[in-house]
Structure formats: structure tokens, C-alpha cells
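Coordinate inspection notes
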Amino acid sequence: MSDWVEIGRLSDIPQRGARCVDTPIGRIAVFRTAADEVYAIEDRCPHKGGPLSQGIVHGAQVTCPLHNWVFSLETGFAQGADEGAVRTFALKRDGERILMDASAILAAAAARIAAE
Amino acid sequence: MNNGLTDMTQKLVVVGAGMASGRALEHLFEAAPGAFEVTLFGAEPRGNYNRIMLSPVLAGEKSYGDIVTHDAAWYAENGVACRFGETVTKIDRKRKVVVSKGSETPYDKLLIATGSAPFIIPVAGKDLPGVMAFRDLDDVNAMVEAARKPGAKAVVIGGGLLGLEAAAALKLRGMDVTVLHLMGHLMERQLDPAAGYLLKKELEGRGIKVHVKAQTKAILGDGRVEAVALEDGTIYPADIVVMAVGIRPETRIAVDAGLYVERGIVVSDQMVTSDPDILAVGECVEHENVCYGLVAPLYDMARVAAKTLIKEDAAFRPVETATQLKVTGINLYSAGDFADGDDREEIVLRDASAGVYKRLVLKQNRIVGAVMYGETSDGAWFFDMLRKGTDIAEMRETLIFGQAYQGGSPLDPTAAVAALPDDAEICGCNGVCKGKIVSAITSKGLTSLDDVRAHTKASASCGSCTGLVEQVMKLTLGDSYNPAAVQPMCTCTDLGHDDVRRLIKAKGLKTIPAVMQELEWKTSCGCAKCRPALNYYLVCDWPDEYADDYQSRFINERVHANIQKDGTYSVVPRMWGGVTNAAELRAIADVVDKFNIPAVKVTGGQRIDMLGVKKEDLPEVWADLGKAGFVSGHAYAKGLRTVKTCVGSDWCRFGTQDSTGLGIRIEKFMWGSWTPAKVKMAVSGCPRNCAEATCKDVGVICVDSGFEIHFAGAAGLDIKGTEKLGLVASEEEALEVIVALTQMYREQARYLERIYKWAKRIGYDEIRRQILDDKDRRKAYFDRFVFSQKFAQVDPWSERVSGKDKHEFKPMASVGFAEAAE
Ligand code: SRM
Ligand SMILES: Cc1cc2nc3c(=O)[nH]c(=O)nc-3n(C[C@H](O)[C@H](O)[C@H](O)COP(=O)(O)OP(=O)(O)OC[C@H]3O[C@@H](n4cnc5c(N)ncnc54)[C@H](O)[C@@H]3O)c2cc1C
Ligand code: SF4
Ligand code: FES
């Protein structure tokens, strides 16, 4: 069952920018595109751990600040010749409010504990 | 006399050092070197230059040095006695002497090439200071000077070729420009109303006001121009008024000498006036009732006059001329006669979305006029048929679509040029046809555009045929020559950095979306390669107007610290010239303790790096550093990094100057400026060079006699010693030179291109010429840098301590912790 919690308002995030949300499974980067779409992905580049929230946002993509891999915000997949992916998280918009599904995060955290 | 040479050497006096006489002398010396002993008078205090190019000079796209056609060495080589700055006031035909400044110079043959004088409309106020023409370099300098004043206003009277080139250039210089034009549409002599309308719209889009049907009533002002009043009551405030309403042949000395003069000095087909020993060429001339105002026919006259002087047969024949407006970003071509008429038909093509308009006027299946706006690549082809009177009945249906559509050949500009006959004219100014270019390339083994210019003169005057010339080169040289070898900025566009930079200026684009829209970016919002580049170009070009787009900056420049491999940051405060003191060191020590900063290191740039700072802590770290007087060291910036110094004359037994002081002075003057790539400098107190100045972007080596300025060194990915720019005597001058050099680099380089790469591309000599030799230009660069610093020299750390971009440093929310604990 989903558990949508408010993480902030659209205006908290600059257009073509990102903010972070702290979670038990690490930081999640929440992006806002030029067209005001919002996306959430893991804030950790699969290459060498670069904080993707610090990258340049273009279209529905972000370029990692450390070595310039490019990721799709929709699918989480690395673009072009690079291979890899980040986990994506569902978001909901209710007017200005941005909501994240806390249950998905809990499930991910539980899966990680189970694996350890 | 027994010396045969002296017997034969005749004295040729030339009055007027302009475009026509320059060309005539070239022909003369080439055909019969030594046949004449030449004295050249010029009213302007300088030799021959390419007057056509005054427009790009005014626009700041070229410098005076770029347009000089004959330099001192050339005159010396050909034994020309130069009398520049000396106006000939009288010709005494009986005694065969010319009079100037009270002295007399005898001639055997006289060549009058006095050009024309700008026409000044006879209204009240026309003599007020601030009213100027657009004819020579002095006019250009006066306009550039006036444009320096922020917010200065220019009114250009005359919406013809000259007036519009002036208006566009002054606008580029930042002036507020209004064009007043008497007729109903712009350039009515060359354009029909539709093309005139498109042109007006384009200019208005660039922020130039255009008032057509404007009848000037008076120029107002008390001791100086203040405004222009029109008959309809409109008043336009003005700091300068540029009169560009036309020209009249400069015939005064010819009239006084009793030569036959109508509108111009009347000449025969051989360019001889009513006095057999006096020839005339150029705009001052009238031939078969026609006076000319474009260079192509004047060059023909020059060729004929040279032949006549050496007693060879030649005759001048009137020619059709085509017109192009030399305003970057505007494509406009017109040739022939396009008035309506019963015996005429026309073909029109419009593409409103692309801003294209083409019109051909036909008479008995022959082209008599052509106007093109927006897309002009077929201009040469139409013009060729116009001049030859080609019967176009066969291709009437598809004619307007251009050459590429004929005979089913593909739409490829090279194919279009390939199809041109050998005698098709490529360069209108110099009358160079395709065959001549091809044969010069093959017979002389030419491989570069500059070679072709030097050997054929094609594209060497107004430059608008450069594309065509390059096509011919490509055809002749095959794949070894690729004019389109421009590296696109990134996959979002086909344009290269240089084109983008030029178009940003030319089209007055002031936001990233405007650039992407106007230059047809292929992506909706660019990528991590083009966005930072565009942001820099806009910051550099419009320092006062452009709002820096932080989302287009790399993270380091957005949060003003260097991101590290683990996502933490490093903090490097400025230590001016590498000098510090106990209080500063204590403040750093306290900060390191308070925030548990894991590493402290002395950098290669003579300052201290604190590494491993958490992003959330940055504002507080800066707040503490700020209290001790530190500002950001921009160790992350495409901007001024460090100015390394040595101890210099303060302490060192070899020091010749205060190298530490100069380094600090430079750093304090220049910090905060954004540059295409990082800029590092150093000042060494003597040639032992302990500050390693000779591998920096800019370096200074102090010597007893002053300061040796070095530039274009590298010591990173490449290793390269600097080039010497030159020696200056004072600290003031050293600072001005360094700042001007940096500004030139800021304005010209491609994003991420270090100084050494840019300098190699532009040419070291060119930089020396612009920065060391051309003092006016140097000053202008300096002033532009100082202006942009007003907006750039703000410490980014203290801004953020005061709350700017708070969102960057704090997570937005926490999710899932409470639940996870359950
Ligand atoms: C800290 C420092 C090393 C040190 O511990 O001494 C350093 C550290 C870095 N250098 Fe450097 N360079 C440092 C002096 C130099 C020098 C020596 C100098 O300045 O005299 C050079 C050679 C001169 C030059 O600039 O060419 C140098 C040539 C480079 C280059 C190669 C640039 C090139 O065009 O060839 C890079 C890579 C780049 O910029 O793309 C680079 C890039 C970097 C970066 C910014 C790598 C990065 O992108 O993250 C490092 C950041 C560390 C940090 O977070 O602070 N660093 N780097 C030095 C800081 C100087 C300062 O006070 O600002
Ligand atoms: C801004 C601008 C842009 C132009 N653009 C184009 C273009 O794109 N295409 C084109 O074809 N044409 C263009 N022209 C026109 C072109 O420059 C002229 O047609 C050409 O320069 C005329 O050459 P000339 O030798 O007859 O006269 P000039 O080049 O004017 O030379 C005459 C010289 O004689 C000097 N002189 C006059 N009287 C005396 C005297 N009594 N004693 C000593 N010296 C004297 C003058 O000071 C002047 O230096 C442009 C002109 C200007 C001003
Ligand atoms: S040389 Fe410069 S870029 Fe390379 S590891 Fe050292 S600091 Fe980093
Ligand atoms: S860590 Fe992201 S590209 Fe290397």
C-alpha cells in the first residue's frame, strides 16, 4: 500500500535543478525540469558514486558532475555509450505539493536489511 | 642628360589616397615598375585602406589594422613619396604643379582620385559638434568615442546602405539607435517595398528604431547636438547625429583648375580628363553621364588608368553592379532594375516563417532585376544571367528556386558553384571570375583562403563572397579542403563556438532560450556542454543586462567550492599574491578545528586548500573565513585563479621591481571576472623567475627597465613556455596591457579554450598588434573589462552567507526514518 508523504513544494526546487531528500537508504535526488516535471532518482552515480543532484539538468536528463555520464530521469538508465542505471522513485504532484511514496522507501530499506 | 632612366622616368602626382588610386598604383607598379616617380597626396593622415570595411571596424568586428591595404613597407618598396595629411588645394595646369600647404610639387602626369564628400543636408544645426558623416576613419573613431558613454543615443539620418551599416554597428556598440529615412521604405534604391519591410522588421528586432517618411526639420542643441526635430513634430534626443544621406563627387580642385566637370570630373573611356596630362578615377569621376559609388567599377577604372599611363590600349565600359548589405546576420542581395512596368513580369517567392523573400523581374524572358532577402546563395547565379542577358524561358517554372533545382541536380551549394561557368563573377568588388580562381589555385598550388585572397584578390574587399570562394576551393582541391570543417559546439547544434559567439552579438541575443530559439537548437534545453558555454558567452557579452543562469553552471561554480570524489567540497580562500599573515592563518586553523576539516594542504598556486568540507557546512565555513577578511579564491572557476609572486625587490637581493606588489595589484583588479577557461598569472621579480611566470597564461618578468609581459604559456596537459608580448615601462601600463589582453581573450575565445590555444589560433602577432601597438584598441578592451567588473566583483561567499541560493546547501526533506525505526 502506498503512503504518499509531502516532501516539499515545486517552488523549493529551481527549474532545471534538484534538491535532496534524506532517507534510510541514502539520499534521493528530486529534479524539476524546465517544463516543471518532477522526478526522483537515487543520488548516487553507479560509476563512482557522484552526487547526481549536483549535475546539470537538461531536458529530462542529468549529467553527473564527476565524470559526465548522462542519465535519463524517467528510466534511470545511463545514456549513450555508458552502461548502468540508478533506481527511480515515483512522485506525485498535488498542485504545488510534491509527494513521495514512503512505503517504497521502506520496502527498499527492508530489502537491504534482509540482504545484509 | 645621359642617364637613360632619368630621361624616361616621369613624375606622376596622385591626389587622393583612396581605394581607386591604391588599385591604380598596384597595376602601374606591376606592369611598369620604375616608369614613374610617384608622389601620393592624401588629405587623411594615413595611407590607403579598405574603406568598405569601415562598417565592420565601427561594429568592432575588425580593427583598423585589419583593413590597411598598403603599408609603409609597400610604399617604400615602390618608391612612393607619401604626403599623407596634406590636402592639394590647387592645380596649376600651365606650370604643371600642384599646390599643398604652401609647397609646390611638379608633375608630368596627374591622377585625380579625390573620391566623394558626404552630403550634409542643409538644415539648421547641421554644424553643431556631434553631427558627423560616415566616410573615413576619423568619423569611425568619433562614433566609437561617443558610444563609450553608457546609454548614449545616436540618430542616423539616411536609411540607405551606409546609414544602415552605421546603425547596426552603433547598436552593437551599445548605443540607442534611431534611423530616419525620407522615403517610404529602407534602401529604396536597391530594394522593393517588401524586402524593405523585412529589413525594417529585422532591424527593429535588434532594437533599432526606424522612422520612415521622416523629413528632418532641424538639428537642435546648445553648443552641441541634443536632438533632431522632424517636420511631423517628432523629436528624437541624440548625443550624435550621423548623416548618411548620400555623397557627391569631390571635384573642387578640378573645377578651380578649369577642367570639364559636370556632376563629376568628365573622363573618356581611357580615364583622361579634358586635359590630356590629367587622368581621374574613382567616385569623383563621371563617365557617360554616370557617377559610380561602389568599388567594382572603380577598380575597372583603376586598371584602365594604369594602362593609359603606360600607353597601352584599354577602355572602361560601364558595368552592372550588385549590392549587398554588410551587416552580420542579415542576408540581402540586390542587382539590376526592379521597378514595375507593363513590359515586365515578375516571379516572387516568400517563406514567411523562414523570413525569406525573393523576387526576379523579367523582361522578354531575361532577368533585369533581382532582389533577395534572407536567403541569397543564388545571387551570383542570377546576377550572372542578368549581365549576360541569358534567355531563361526553358527554366522559367523553377527559376526562382535557384540553380540547384535546375536539371534535377541536388540541393547542394557546391553543386551550384560547380555548375557556374568559368566566366561567372564570384567576387563583385574585385571582378574576379570563377575561372581565374581555379587557375590560380592549380597553377600556384594554393591551399588556403588567405593564399587565394593574396593571389587573386577574390574575397579580399568586402568579404561577402567568402563562402563562394571557399566553395570554388573545395571544388578544385577536393576533400583536402573543407570549408565546413567547423566543429559543432555539441550535438545540440551544427554551429561552432565562433559562429555562436558572433551571432549572439549580431542578433543581440540575451538569454539562453533566445539563443536556442534563434539559432535553432535541436534540443529543447541544451546539454551539459553547450549550456555552460552559452552562459559564459552571455555573461561576457552583456555584463550589465544578462542574468547569470546558475542552473547552467557546473556544480563548482554554482556552490563556489570544488566538488571532491566523495561528494564533499574543498575550500580555497584568496591569499593575494600568495602573501598571508598570522591572523589569517589563525582563522584558517580555527575553521579547520571547528568543522573537523580532514585535510589542509598548501596548493601549487601559493595558497591553502581545506579539503573534505561537508556541503551543508559551506556557508558557515565561509562566514567564519569572511570575518577574517577572506574572500573566495575562485579555485573552482573558469575565471581568474591565482597570481603567483616572488618576494621581489622588497626582500630579494636580485629583485628589480616590486613583484609582490604588482601581483597583488593585478589580482585585486581582476578577481571575480569570468573567462572562457581558467586564467593563472604570475609575477617574477627578475629573470631567475622564481614565480614560474613563463609557463602561465599571463606572466610578468620584472627587469631594470620595466616589465616584460609574457602570455600563452601552459604547464598542465601541455607544457609550453610563454611568448613574449612586449616590454612596458610602468606598473600602470603593465596592468593595462594584461587587462586588455585578458578582455580580448574573454571576447574571442571558445569556452574551455585556454589562452595558449586561443593565442595560437588567432596568431601571436595579431595579439601584439591589437594590445601593444594599437593603443586605442587596448584602451577600449581595458574599459570594457572595467565595466564588466562592476557586475562581477562581488564575493560569492559573502553573498551566500547572507542567504543567496540557500536551497543549494540543505536537503529539502527526510523521508522514511520514523517508519524504519518502528
Ligand atoms: C589544489 C591544486 C593542487 C594542489 O594541491 O596544489 C589543484 C587541484 C585541482 N586541479 Fe589543478 N590544482 C592546482 C594547481 C594546478 C597547477 C599549478 C599552478 O596553478 O601553478 C596546474 C598547472 C598549470 C595550469 O593550470 O595549466 C594545474 C593544472 C590543472 C589542470 C590542467 C589544465 C590544462 O588546461 O592543462 C586541470 C584540469 C582542468 O582544468 O580541466 C586541473 C584541475 C584541478 C582540479 C580542479 C580537478 C577537478 O576538476 O576537480 C583539482 C581540484 C582540487 C580541489 O578541489 O581543490 N588542474 N593545477 C592546485 C590549486 C591551485 C590554487 O591555489 O588554485
Ligand atoms: C562605410 C562605407 C561602406 C562602404 N561599403 C561599400 C561596399 O560594401 N561595397 C562597395 O562597393 N562600396 C562600398 N563603399 C564605397 C567605397 O568605399 C567607395 O566607392 C570607394 O572608397 C571610392 O574610392 P575612391 O578612391 O574614389 O575614393 P576614396 O576611397 O574616398 O578616396 C579618396 C581620398 O582622397 C582624399 N582627398 C580628397 N580630396 C583631396 C585633396 N584635395 N587632396 C588630397 N586628398 C584628397 C580623401 O580624403 C580620400 O582619402 C563604402 C563606403 C563607405 C564610406
Ligand atoms: S594533478 Fe591535479 S587533477 Fe590530478 S590528481 Fe592531482 S590535483 Fe587532481
Ligand atoms: S561518478 Fe558519475 S560519472 Fe563518474
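Described below are features of the structure shown in this document. What you are looking at is a predicted structure, and each value in this text was computed from that prediction instead of being measured.

A tally of regular secondary structure across chain B gives 28 helices and 39 strands. For chain B, the residues scored as buried account for 53% of the 822 residues in total. Counting every atom, chain B has about 35300 Å² of accessible surface; 51% of that belongs to carbon and sulfur.

What follows deals with the packing of aromatic side chains. Residues and elements named next belong to chain B. As enumerated under the stated definition, the model contains 16 aromatic pairs over all chains in all. Ring geometry for Trp74 and Tyr75: centres 5.6 Å apart, planes at 80 degrees, overall edge-to-face. With respect to class, Trp74 is no different from Tyr75; both count as buried. Taking the ring centre of Trp542 as reference, the NZ or CZ of Lys510 above it sits at 4.5 Å. We note Arg553 situated over the ring of Trp674; from NZ or CZ to the ring centre the distance is 3.7 Å.

Here we take up the site of ligand 1. In the vicinity of ligand 1 there are 18 residues, among which B:Gln564, B:Thr603, B:Gly604, B:Arg607 and B:Lys678 approach most closely. In terms of residue class, the shell around ligand 1 is built from two nonpolar, eight polar and eight charged.

Moving on to the pairing of strand β33 (residues 679-684) of chain B. Residues and elements named next belong to chain B. The buried fraction of β33 is high, at five of six residues. Bridge count for strand β32 (residues 640-645) against β33 is four bridges, and the pairing is parallel. In the sheet register, Val643 faces β33, and the bridge partner there is Met681. For the crossover from β32 across helix α22 (residues 659-670) to β33, the handedness is left-handed. Both β33 and strand β34 (residues 698-703) contribute to a ladder of four bridges, which runs parallel.

All names here are of chain B. Read from one edge of the open sheet, five strands run β21-β22-β25-β24-β23, paired in antiparallel fashion. Each of the sheet's edge strands pairs with one partner strand only, and the pair in question is β21 (322-324) and β23 (344-351). Taking each pair of neighbouring strands and ignoring which way they run, the sheet shows an average axis angle of 15 degrees. Examined bridge by bridge, β23 and strand β24 (residues 356-363) share eight bridges and lie antiparallel to one another. Of the residues in β24, the one forming a bridge with Leu349 is Lys358. Here helix α8 (residues 193-205) sits on the sheet and contacts β22 (332-336), β23, β24 and β25 (366-373); the angle it forms with β25, its principal contact strand, is near 15 degrees. Strands in contact with helix α11 (residues 379-388) are β21, β22, β24 and β25; relative to β25, the strand with the most contacts, it is inclined by about 160 degrees.

Taken together, the contact pairs 33 residues of chain A with 32 residues of chain B. Surface buried jointly by chain A and chain B totals about 2600 Å² across both partners, of which 62% is contributed by carbon and sulfur atoms. Where chain A packs against chain B, one counts two salt bridges. Of the charged contacts in the structure, one is a salt bridge between B:Asp549 and A:Arg16, with a shortest N-O distance of 2.8 Å. On inspection of chain A and its partner chain B, the count reaches 12 residue pairs in polar contact (both at pLDDT 80 or more).

With that out of the way, let us pick up the site of ligand 2. All names here are of chain B. As a matter of local geometry, ligand 2 sits amid 30 residues, with Glu44, Arg135, Glu283, Val295 and Lys326 nearest to it. In this structure, an oxygen atom belonging to ligand 2 sits 2.7 Å away from a side-chain N or O atom of Glu44. Note that an oxygen atom of ligand 2 is positioned 2.5 Å from one of the side-chain N or O atoms of Glu283. About the coverage of ligand 2: the protein hides 92% of its 990 Å² of free accessible area. At the level of elements, α2 (19-31), α7 (161-172) and α10 (295-309) are the ones that each hand at least two residues to the shell around ligand 2. Of the residues in the shell around ligand 2, the class split is 13 nonpolar, nine polar and eight charged.

Looking now at α7(B). Residue and element names in this part refer to chain B. If you check α7, its first and last C-alpha atoms are 17 Å apart, about what 12 residues at 1.5 Å a residue would give, namely 16 Å. Listing the buried residues of α7 in full gives Gly163, Leu164, Glu165, Ala166, Ala167, Ala168, Ala169 and Leu170. Of the residues one or two after α7, Gly174 is the one with positive phi, at around 95 degrees.

So, on to the side chain of B:Asn556. All names here are of chain B. Tracing the chain through its elements places Asn556 in helix α19 (residues 555-559). A polar contact of 2.8 Å, which involves the side chain of Asn556, links it to the backbone nitrogen of Ile563. Setting aside residues no more than four positions away along its own chain, Asn556 makes contact with Ala561, Asn562, Ile563 and Tyr636.

Further remarks concern the sheet that holds strand β5 (residues 97-100) of chain B. One key point about sheets: their strands pair by backbone hydrogen bonds, in either a parallel or an antiparallel sense. Residues and elements named next belong to chain B. Read from one edge to the other, the open sheet built from three strands follows the order β4-β5-β6, with strand pairing classed as antiparallel. Of all the strands in the sheet, just β4 (88-92) and β6 (103-106) have a single pairing partner and so form its edges. Direction aside, neighbouring strands of the sheet carry axes that sit 25 degrees apart on average. Taken together, the four bridges between β5 and β6 define a ladder with antiparallel strand orientation.

Our next topic: the state of the cysteines. A complete count under the given rule lists zero disulfides over all chains for this structure. The cysteine B:Cys530 is free of any disulfide, with B:Cys490 supplying the nearest cysteine sulfur at 3.6 Å.

Attention now moves to the pairing of strand β10 (residues 97-101) of chain A. All names here are of chain A. In terms of burial, β10 is a largely internal element, four of the five residues being buried. As defined by bridge partners, strand β1 (residues 4-9) adjoins β10 across five bridges and the pair is classed as antiparallel. When the bridges of β10 are listed, Arg9 appears paired with Arg97. In terms of strand pairing, strand β9 (residues 91-94) meets β10 through four bridges, oriented antiparallel. Bridge pairing in β10 links Lys92 to Leu99. Here β9 folds back onto β10, and the loop between the two strands holds two residues, one of which, Gly95, carries a positive phi near 60 degrees.

The rules we used
Residues numbered from 1 in each chain as written. Chains lettered and ligands numbered in written order. Predicted model: local features only at pLDDT ≥ 70, side-chain atom pairs only at ≥ 80, totals over all residues. Heavy atoms only, no water. Helix = DSSP H or I, 4+ residues; strand = E, 2+ residues; numbered from the N terminus. Buried < 20%, exposed > 50% of the residue type's maximum accessible area, 1.4 Å probe, protein only. Areas by Shrake-Rupley, 256 points an atom, 1.4 Å probe, with all protein chains shown as cover. Phe/Tyr/Trp six-rings, centres within 6.5 Å; stacked < 30°, edge-to-face > 60°. Lys NZ or Arg CZ within 6 Å of the ring centre and 35° of its normal. Near = heavy atom within 4 Å. Nonpolar A, V, L, I, M, F, W, Y, C, P; charged D, E, K, R; others polar. Pairing = 2+ DSSP bridges. Right-handed = clockwise from strand over helix to strand, strands pointing away. Axes fitted to C-alpha atoms, helices over the stretch in contact; angles between N-to-C directions. Contact = heavy atoms within 4.5 Å. Buried area = accessible area lost by both parts, 1.4 Å probe. Salt bridge = Lys/Arg side-chain N within 4 Å of Asp/Glu carboxyl O. Polar contact = N/O pair within 3.5 Å; in protein donor to acceptor, adjacent residues only side chain to side chain. Expected span 1.5 Å × (residues − 1). Disulfide = S-S within 2.5 Å.

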